[in-house]
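# Remarks on the overall topology
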Amino acid sequence: MTCHKRYKIQKKVREHHRKLRKEAKKRGHKKPRKDPGVPNSAPFKEALLREAELRKQRLEELKQQQKLDRQKELEKKRKFETNPDIKPSNVEPMEKAFGLRKTENKAKSGKQNSKKLYCQELKKVIEASDVVLEVLDARDPLGCRCPQVEEAIVQSGQKKLVLILNKSDLVPKENLESWLNYLKKELPTVVFRASTKPKDKGKITKHVKAKKNAAPFRSEVCFGKEGLWKLLGGFQETCGKAIRVGVIGFPNVGKSSIINSLKQEQMCNVGVSMGLTRSMQVVPLDKQITIIDSPSFIVSPLNSSSALALRSPASIEVVKPMEAASAILAQADARQVVLKYTVPGYRNSLEFFTMLAQRRGMHQKGGIPNVEGAAKLLWSEWTGASLAYYCRTPTSWTPPPYFNESTVVDMKRDFNLEELEKNNAQSIKAIKGPHLANSILFQSSGLTNGIIEEKDIHEELPKRKERKQEEKEDDKDSDQEIIDEEVDEKSSGMFAAEETGEALSEESTAGEQSTRSFILDKMIEEDDAYDFSTDYV
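Residues numbered from 1 in each chain as written. Predicted model: local features only at pLDDT ≥ 70, side-chain atom pairs only at ≥ 80, totals over all residues. Heavy atoms only, no water.

Counting secondary structure elements, the chain contains 17 helices and 10 strands. When the 537 residues of the chain are sorted by exposure, 35% land in the buried category. In the chain, of all internal contacts separated by at least 6 residues, the share reaching a separation of at least 24 is 75%. For the chain, the accessible surface area stands at approximately 34700 Å², while carbon and sulfur atoms represent 52% of it. (Helix = DSSP H or I, 4+ residues; strand = E, 2+ residues; numbered from the N terminus. Buried < 20%, exposed > 50% of the residue type's maximum accessible area, 1.4 Å probe, protein only. Contact = heavy atoms within 4.5 Å. Areas by Shrake-Rupley, 256 points an atom, 1.4 Å probe, with all protein chains shown as cover.)

For any pair of aromatic rings, the description rests on two quantities: the centre-to-centre distance and the angle between the ring planes. Applying the stated criterion across every chain yields a total of 10 aromatic pairs. Cluster of aromatic residues (ring-pair linked, three or more members): Tyr341, Tyr346, Phe352 and Phe353. A cation sits over an aromatic face here: Arg6 above Tyr7, 5.6 Å from the ring centre. (Phe/Tyr/Trp six-rings, centres within 6.5 Å; stacked < 30°, edge-to-face > 60°. Lys NZ or Arg CZ within 6 Å of the ring centre and 35° of its normal.)

Turning next to the nonpolar core. Counting residues in hydrophobic clusters, the biggest one holds 93 residues, and the most contacted among them are Val149, Leu228, Tyr341, Phe352 and Trp382. Residue contributions to this core peak at 6 residues, all from helix H13 (residues 371-383). Apart from the residues within four sequence positions on either side, Val149 is in contact with Leu122, Ile126, Ile248, Phe297 and Ile452. In this structure, Tyr118, Cys119, Ile451 and Ile457 belong to the second largest nonpolar core, which totals 5 residues. (Core = buried A, V, L, I, M, F, W, Y, C linked by side-chain atoms within 4.5 Å.)

To continue, consider the environment of Lys422. Structurally, Lys422 is set in helix H15 (residues 417-430). Under the relative-accessibility criterion, Lys422 is labelled exposed at 60%. Spatially, the C-alpha atom of Lys422 lies 8.6 Å from that of Gly227, the residues being 195 residues apart in sequence.

On to the sheet that holds strand E5 (residues 281-284), then. Strand order in the open sheet formed by 6 strands is E3-E2-E1-E4-E6-E5, and the pairing between neighbours is mixed. The open sheet has two edge strands, strand E3 (189-191) and E5, and neither has a second partner. On average, each strand axis in the sheet is tilted by 25° relative to the strand beside it, whichever way the strands run. Two elements, E5 and strand E6 (residues 289-293), share 4 bridges in a ladder whose sense is antiparallel. Within E6, the residue paired with Gln281 across the bridge is Asp293. (Pairing = 2+ DSSP bridges. Axes fitted to C-alpha atoms, helices over the stretch in contact; angles between N-to-C directions.)

Our next topic: a nonpolar patch on the surface. A surface patch of nonpolar side chains, amounting to about 310 Å² of accessible area, comprises Met1, Ile9 and Val13. Residue classification places Met1 among the exposed positions, given a relative accessible area of 69%. (Patch = residues over 30% accessible without salt bridge, like charges linked within 9 Å, V, L, I, M, F, W, Y side chains within 5 Å. Salt bridge = Lys/Arg side-chain N within 4 Å of Asp/Glu carboxyl O.)

Moving on: the packing of helix H10 (residues 321-331) against helix H12 (residues 349-360). Between H10 and H12, the shortest axis-to-axis distance is 10 Å and the interhelical angle comes to 105°. As far as their axial angle goes, H12 and H10 are roughly perpendicular. The residues of H12 that touch H10, namely those facing Met322, Ala325, Ser326 and Leu329, are Ser349, Leu350, Phe352 and Phe353. Here the residues of the contact of H10 with H12 sort into 6 nonpolar, 2 polar and no charged. (Parallel < 35°, antiparallel > 145°, perpendicular 65-115°, else oblique. Nonpolar A, V, L, I, M, F, W, Y, C, P; charged D, E, K, R; others polar.)

What follows covers the confidence of the model for the chain. Per-residue pLDDT for the chain averages 77, and the proportion of residues at 70 or more is 72%. Here residues 202-218 is modelled with pLDDT under 50, and outside its nearest four sequence neighbours on either side it reaches 4 contacts, counting other chains as well. The low-confidence segment residues 459-465 (pLDDT under 50) makes 8 contacts with residues lying over four places distant or belonging to another chain. (pLDDT = per-residue confidence, 0-100.)

Moving on to the pattern of salt bridges. Summed over the entire model, instances satisfying the criterion amount to 13 salt bridges. Salt-bridge contacts for Arg311 lead to Asp140; the nearest nitrogen and oxygen are separated by 3.2 Å. Here Asp140 lies in the loop between strand E1 (131-137) and helix H5 (147-156) and Arg311 lies in helix H9 (residues 305-311), a separation of 171 residues in the sequence. Overlapping salt bridges bring together Asp137, Arg139 and Lys167 as one network.

In this structure, Gln264 is a non-glycine residue whose phi angle is positive, near 60°. Along the chain, Gln264 falls in the loop between helix H8 (255-263) and E5. If you check the backbone angles, Thr342 has positive phi at about 50° while not being a glycine. Position of Thr342 among the secondary structure elements: in the loop between helix H11 (334-341) and H12.

This is the structure in structure tokens:
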């Protein structure tokens, strides 16, 4: 800020304060009026005073009762947080009807316990559902599929699995069509684009006069809703009973956003951070269809580094931004990344993060580029819902081992697929996706393995520890080899030094003996009575 501007602001502030003081002087300082009480001349004065005293006592008792109630509620919450298996008293009527129990994972029991709770909640959702919607990110559909969960649904029997291609506005239309043709060979697939700004539940919105023919905001528009409604409604009619629909998927694929878009209300919590949904939530869409939100899949640590970076929420996983961002960057097309982030060509990830930090003005103390901050920025953009990137479809279609022809036929039965194709075509036509040249090509690492069983969580940790120990041992071996080489060099030098030292010591001892003998002879010659023992010593 310039000095001229700063002094001008200070002057304005002084003038404002002066004006306030003048107005206060004019008004004068009015003291608060005291309650005069009931005058002595008033009839029934004693009765009125007694009533006022009783009213005061009642108010005090009510305040005390409210305080006790609040304390009891807090104690109940604490007990429920420490023991999540205890069933709360105020269960929702919908959950009572379906025999479902909602457990909140707010206890600070470590990331290991939260993973177990995620697995428990996911299993409950799959068991309670008649139709399971697996939500996929259209930017990497293959990487959002979990073979372990799909296999569990197929083996469970009479459950239908439907794929939802969400965030379809972030990929080019050609790529979206090719992925739709690839996925519909296995399962019914719905093209969807969830609205990120639904109406808040119970919030009264002010009606503002809008311009004629004004287009709504991009974030408010939802595509594919009618197609999904018709698909679920047709299945419910063929079943002839009320159905429950479970929504599952990896973190940040848009599970809760899809539910909010179908309900057209803010029913489930949504946000930028990954893994916000931590427990199952029952939402009735209408009298016949009930939808159940679920927490995300737990990613197995045996996956590739890029899959772990894109699918691991920081709430239950230890994520290092530098490693995660470097893994993502290694799988992306370097030329398109340079064009997107407007940085010069880079040789490695560290150089890219340094240039990105300089470009975005991210500096630490002393003008050093904030490399870690740049890595966090890249990681958040790639896991968020704003960056446009895409993956190519595989050249040949190979069904997973748990899918056969009869399974594919069973999954597609009772669904009106012709109408679904028409609705998908309309959605693709209406969606305004990015151009192929403006989006980044990403190399998918294939299907992402997940963990369903709680016992598998314990087994993953020793494997990871063993792998780390092996890496440490390898590092130690390599370090030991280097040390041995250095020791050999030093020892050879020391042996040479010792040999030269021995030669020098022999020469020095011979010289000392000759000087001693010369001094003694000289002394004896000068004086035979010289006491050598005292003076020489």
